[in-house]
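Topology and contacts: notes
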Amino acid sequence: MIPVRDDLRALEGYHSAQVDVRVRLNTNESPTPPPDAFREAVAAEVSKVEWHRYPDRAAMALRVAIAESHGVDAAQVFVANGSNEVLQTVLLAYAGPGRVVATFEPTYQMHAQIARITGATVVEGERAEDFTLDPAEVERVLTEHQPHVVFLTSPNNPTGLVEPADRVQQLLDFAPGLVVVDEAYAQFADWTALDLVDEDTPLVVTRTFSKTWSMAGARLGYLVGPTWLVAELEKVVLPYHLDTVKQIAGRLALRYVEDMDDRVAQIVAERGRISSELEALGLTVIPSGANFVLFRPDGHDGRAVWQGLVDRSVLIRDCSGWPRLANCLRVTVGTRDENSEFLSALSDVLSASTADFRSHPQTEQNGADR
Ligand code: PMP
């Protein structure tokens, strides 16, 4: 074995339980696939692909389609293999050794993880007990640490909370560097930072096809930002990084926006049902603007509740051992039937669970892509 970079030695890799269960509600995917018409349209175009040729390096047709959907210019759109690769490209360009990246915890762990991999120093701001973000803490982190890049996730993962617009505005007012608003779940919420993007504002908004577009299998994400920033990212990303098939799939997906809106409406309705039933079970529920719900089974051991659900063939996310998330569990909104199975398994587990809950030492999962 040869030694890896010193600064990578302590880093943990990606881990997310992949258990064979009937009901999988642990990775915030869409519970239903895109429409058949989409599959057929993709198959027809893919049958004409010139496999011996490299893809369109600029992915222009796809970028034009995305740009049109947001009423921006294609030169303001950067596309990559999942929004994780978008984030990585941003951090390769604007973080790196000697630079500072700020996050407000708990939040999506890949922001800090990728920043560290680029060699940057990560500063973690703290959220309040209820996971909201205090303006005084934002001001403290930005003025004390002068980060080159600062992240907000709205709706946040794993809490589901939507960041108030004035918090994003505050970041823009105080941040000395780039502000990244990760909007992987934006279509489930009631506002977007996209309207704040312009040529004079150091702001990018990242989006993904993995959730609302039902295309987690395709690995496609993008950002909208100033053209000068997109031009820098194009220098950093590998040539021909986005394959021809994916460019086709992404472009065609955008033609089925009504199906997407229907899926979102259904998920939002089910999210409401799950949240009120969890509350009716006496659990603490964090208000969600996303396609998942974070909850705390007070009076029970979260890890044991998670295991009880797995034993009943229902898999959700165990956040109970993660920093700042003691005893918390996160459930992705599934189909109506899946959600009903989850809720009935949960009430079963809770009634079986001993009333004399005693917390026991919990080990943190070494998960990064939470
Ligand atoms: N951002 C957030 C907040 C997420 O929760 C996720 C998915 N776990 C991603 C980005 C990455 O999404 P993808 O790479 O599938 O586009």
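Residues numbered from 1 in each chain as written. Predicted model: local features only at pLDDT ≥ 70, side-chain atom pairs only at ≥ 80, totals over all residues. Heavy atoms only, no water.

**Digging into the overall build of the protein**
For the protein, the helix and strand inventory stands at 11 helices and 13 strands. Against the 2.2 N^0.38 benchmark of 21 Å for 370 residues, the protein shows a C-alpha radius of gyration of 21 Å, consistent with a compact globule. The C-alpha extent of the protein, read off along each of the three principal axes, is 60 × 55 × 50 Å. Counting every position in the protein, which comprises 370 residues, the buried fraction comes to 54%. Surface exposure of the protein reaches about 16,400 Å², of which carbon and sulfur atoms provide 51%. (Helix = DSSP H or I, 4+ residues; strand = E, 2+ residues; numbered from the N terminus. Rg over C-alpha atoms; globule rule 2.2 N^0.38 Å. Buried < 20%, exposed > 50% of the residue type's maximum accessible area, 1.4 Å probe, protein only. Areas by Shrake-Rupley, 256 points an atom, 1.4 Å probe, with all protein chains shown as cover.)

**Quick look at the site of the ligand**
The environment of the ligand is formed by 14 residues, the closest being Ser83, Tyr185, Thr208, Ser210 and Arg219. Asparagine 84 has a polar backbone atom sitting 3.1 Å from an oxygen atom of the ligand. Aspartate 182 is positioned with one of its side-chain polar atoms (N or O) 2.7 Å from a nitrogen atom of the ligand. A per-element tally of the shell around the ligand places helix α3 (residues 82–94) first, with three residues. (Near = heavy atom within 4 Å. Polar contact = N/O pair within 3.5 Å; in protein donor to acceptor, adjacent residues only side chain to side chain.)

**A short note on the pattern of salt bridges**
Counted under the stated rule, the structure contains 21 salt bridges. A cluster of three or more residues bridged by salt bridges with shared partners is formed by Arg116, Glu124, Glu126 and Arg324. (Salt bridge = Lys/Arg side-chain N within 4 Å of Asp/Glu carboxyl O.)

**Considerations on the nonpolar core**
Of all hydrophobic cores here, the largest spans 80 residues; its most connected members are Phe209, Leu278, Phe295, Leu309, Ile316, Phe342 and Leu346. With six residues, the single largest contributor to this core is helix α11 (residues 336–352). Lining this core are residues from two domains, each supplying at least three of them: domain 1 (6–30 + 258–369) and domain 2 (36–255). Once you skip the residues sitting within four places of it in the chain, phenylalanine 342 turns out to touch Leu25, Ile274, Leu278, Phe295, Leu309, Val314, Ile316 and Val331. With 26 residues, the next largest nonpolar core counts Leu87, Leu91, Ile114 and Phe151 among its residues. (Core = buried A, V, L, I, M, F, W, Y, C linked by side-chain atoms within 4.5 Å. Domains from an automatic or database assignment. Contact = heavy atoms within 4.5 Å.)

**Some details on the domain arrangement of the protein**
Segmenting the protein into domains produces domain 1 (6–30 + 258–369) and domain 2 (36–255). Between the C-alpha centres of domain 1 and domain 2 the distance comes to 25 Å. The partner domain 2 presents 31 residues to the 30 residues of domain 1 that form the contact. When the two sides are added together, the surface that domain 1 and domain 2 hide from each other amounts to roughly 2,400 Å², 61% of it contributed by carbon and sulfur. One can count two salt bridges joining domain 1 with domain 2. Its salt-bridge partner being arginine 324, residue glutamate 124 comes within 3.2 Å of it at the nearest N-O pair. Taken together, the connections running from domain 1 to domain 2 amount to 10 residue pairs in polar contact (both at pLDDT 80 or more). Breaking the side of domain 1 that touches domain 2 down by element, the ones donating at least two residues are α9 (257–280) and β10 (292–296). Among the elements that line the side of domain 1 that touches domain 2, the one with the most residues is α9, at six residues. Split into classes, the residues belonging to the side of domain 1 that touches domain 2 amount to 15 nonpolar, six polar and nine charged. (Buried area = accessible area lost by both parts, 1.4 Å probe. Nonpolar A, V, L, I, M, F, W, Y, C, P; charged D, E, K, R; others polar.)

**Overview of the environment of lysine 211**
As for its position among the elements, lysine 211 is in the loop between β7 (203–208) and β8 (221–224). Taking the C-alpha atoms as reference, lysine 211 lies 25 Å from glutamate 234; in sequence the two are 23 residues apart. Setting aside anything within four residues of it in sequence, one finds lysine 211 in contact with Thr27, Asn28, Ser30, Ala184, Tyr185, Phe188 and Asn291. Within the structure, the side chain of lysine 211 is placed 3.5 Å from the side chain of tyrosine 185, a separation counted as a polar contact.

**Thoughts on the pairing of strand β3 (residues 100–105)**
In terms of residue burial, β3 counts as a mostly covered element, since six of its six residues are buried. Of the two faces of β3, the one lined by Val100, Ala102 and Phe104 and the one lined by Val101, Thr103 and Glu105 are each fully buried. Direction of pairing for β3 relative to strand β4 (residues 121–126): parallel, over a ladder of six bridges. By the bridge assignment, glutamate 105 is partnered in β4 with glutamate 126. Each parallel crossover has a hand, and for β3 linked through helix α4 (residues 109–117) to β4 it is right-handed. Note that β3 and strand β5 (residues 149–153) share two bridges and pair parallel. Of the residues in β5, the one forming a bridge with alanine 102 is valine 150. (Pairing = 2+ DSSP bridges. Right-handed = clockwise from strand over helix to strand, strands pointing away.)

**With respect to the packing of aromatic side chains**
Under the counting rule described, the total for this entry stands at six aromatic pairs. Pairing phenylalanine 38 with tyrosine 256 gives two aromatic rings, centres 6.2 Å apart and planes at 85°, and the pair type is edge-to-face. Of this pair, phenylalanine 38 sits in helix α1 (residues 36–46) while tyrosine 256 sits in the loop between α8 (244–253) and α9, placing them 218 residues apart in sequence. One Lys or Arg, arginine 57, reaches over the ring of tyrosine 240 and ends 5.7 Å from the middle of that ring. Positioned above the aromatic ring of phenylalanine 292 is the side chain of arginine 330, whose terminal nitrogen or guanidinium carbon lies 5.4 Å from the ring centre. (Phe/Tyr/Trp six-rings, centres within 6.5 Å; stacked < 30°, edge-to-face > 60°. Lys NZ or Arg CZ within 6 Å of the ring centre and 35° of its normal.)

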